[in-house]
Amino acid sequence: MVLEQCTRSVWKPFWGGVLVALAAVLMSGAAGARQATLERVTVAAGWMPGSATRVTFEVSADVPLAIYTAAGPDRIAIDLEGVSSAGVILSHPEGQIADVRAGWIAPGTTRVLLTLRRPAKVARVERSTVDGVTEVGLVLAEMDRAAFDARAQGDAARWPAPRKPRLSVSGAPTQPLVMLDPGHGGVDPGAIREEVAEKDIALTFATEFAAALLSSGRYRVALTRETDVYVGLRDRVSLAREAGADVFLSLHANTVTVGSVQGAAVYTLSDTASDGEAAALAALENGADFFGTPDGGAGESDVTRVLLDLARAETDTRSRTLARAMVPALAQTAGIVPRNPHKSAGFRVLKAPDIPSVLVELGVLSDAADRRRMQSPVWRALAIEGLIDALDAWTIEDAQMRARARQ
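Okay, so let's go over this structure. (Residues numbered from 1 in each chain as written. Predicted model: local features only at pLDDT ≥ 70, side-chain atom pairs only at ≥ 80, totals over all residues. Heavy atoms only, no water.)

### So, the sheet that holds strand E18 (residues 342-345)
Taken in spatial order, the six strands of this open sheet run E15-E12-E16-E19-E17-E18, and their pairing is mixed. Each edge of the open sheet is held by one strand with a lone partner, namely strand E15 (220-223) and E18. The average angle at which neighbouring strand axes cross in this sheet is 25°, direction not considered. Pairing between strand E12 (residues 177-182) and E15: four bridges, direction parallel. (Pairing = 2+ DSSP bridges. Helix = DSSP H or I, 4+ residues; strand = E, 2+ residues; numbered from the N terminus. Axes fitted to C-alpha atoms, helices over the stretch in contact; angles between N-to-C directions.)

### Looking at the pairing of strand E19 (residues 357-364)
By the criterion of burial, E19 is predominantly enclosed, with eight of the eight residues buried. As paired elements, strand E16 (residues 247-254) and E19 share six bridges and run parallel to each other. The residue of E19 that forms the bridge with histidine 252 is glutamate 361. Here strand E17 (residues 265-269) pairs with E19 via three bridges, running antiparallel. Looking at E19, one finds that tyrosine 267 is bridged to leucine 359. (Buried < 20%, exposed > 50% of the residue type's maximum accessible area, 1.4 Å probe, protein only.)

### Quick notes on helix H9 (residues 377-406)
Working note: α-helix, 3.6 residues per turn, so residues spaced by three or four point in the same direction. With 30 residues, H9 extends 43 Å between its outermost C-alpha atoms, agreeing within 8% with the 44 Å of an ideal straight helix rising 1.5 Å per residue. Within H9 the residues assigned to the buried category are Trp379, Arg380, Ala383, Ile384, Gly386, Leu387, Ile388, Ala390, Leu391, Asp392, Trp394 and Asp398. (Expected span 1.5 Å × (residues − 1).)

### Thoughts on the side chain of serine 91
Relative to the helices and strands, serine 91 is located in the loop between strand E6 (89-90) and strand E7 (97-106). A polar side-chain atom of serine 91 sits 2.8 Å from the main-chain amide nitrogen of valine 43. With residues up to four places along the chain from it excluded, the contact list for serine 91 reads Val41, Thr42, Val43 and Val100. (Polar contact = N/O pair within 3.5 Å; in protein donor to acceptor, adjacent residues only side chain to side chain. Contact = heavy atoms within 4.5 Å.)

### Looking at the packing of aromatic side chains
Under the counting rule described, the total for this entry stands at three aromatic pairs. Ring geometry for phenylalanine 205 versus tryptophan 379: centroids 6.4 Å apart, planes at 55°, classification tilted. Residue phenylalanine 205 is located in helix H4 (residues 198-216), and its partner tryptophan 379 is located in helix H9; the two are separated by 174 residues in the primary sequence. Across the pair, exposure class does not vary: phenylalanine 205 and tryptophan 379 are buried alike. Taken together through their ring pairs, the aromatic side chains of Phe205, Phe209 and Trp379 make up a single cluster. (Phe/Tyr/Trp six-rings, centres within 6.5 Å; stacked < 30°, edge-to-face > 60°.)

### Thoughts on the environment of alanine 197
Along the polypeptide, alanine 197 turns up in strand E14 (residues 196-197). Residue classification places alanine 197 among the buried positions, given a relative accessible area of 9%. Through-space distance from the C-alpha of alanine 197 to that of alanine 253 is 8.9 Å; in sequence the pair is 56 residues apart. Residues within four places of alanine 197 in sequence aside, it is in contact with Pro189, Ala191, Ile192 and Leu365.

Okay, here's the thing in structure tokens:
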């Protein structure tokens, strides 16, 4: 659809097309087409460097998008193909968005209409699917007036629904599977200091760690992400469970704004944080899940909850045993924080009830020495050597503990 036609027909008063919407509903029902539903549109602004506003759609299926831009007034329209908008919940406008509306514009197509306070573009589209609900996040970035007006004269930008990525597992089937989870990614850079991003540190380390694990001949390996893409926290846990992982290691780089600290630290899951620093870090890491949904629990039976609690109790013990093995191994090879190197808090990414899970903060990006170390291939090789030694020792101890428990 060219913009001139779009201007004449689509930018007219948005709620004037009641008959068109009714006809769309009837035609959809007559055709027997199965529609996805748009359930919620959320606008958030001002918390992420480099983007003023984020718009998130909750849709019952992953669908293709067409994005139009128009000037006078400045608007962005997002068409969701094969989607019904009945009962959609809209958030209040924020940031660059002065108004947000949603409705059917044609049989099988819902439009979300964003009226802008100043020129902006959709800089990135991120998708995350959990429990049958797809969250499509649009990152809006400011642009100058001339560039915006030029974009408004063009055709729609189209974003097809992506195919589900295939999880790649390497190694012999009989070996234990280590799931490596490079933190953050894509539109979520994590901590940034001196133009060094946590997401890049984590991915580089995870890639080299995976290669070393495979070279040992003792482990299978999979990664929650192999490139610079965003993966939701619950998706990371789901990927590990889908692959049948035996252990889950989430890799990050810490940062502090008050005081000075350096070295690696190891974190496990607990309902109560071991200290204020661990609680603050967990809140920061959990806040990265801006497309995530609340933790499960609603609708579970009493029996299910009891079984999950029992599984988590055993898994938490195994996770703490692994963390205790990692601390001295990292101390000998890479260096650890001098005080309380093993901490615990409510990290969402560690909540698999049946997989021992540990979060490793490789160092502190706000410390110049740590920042240099994490960028050094020599330091990374030493740290990886320590982590593999810890995995080897834990694998033996864990097998013995489980054998005793079965007796």
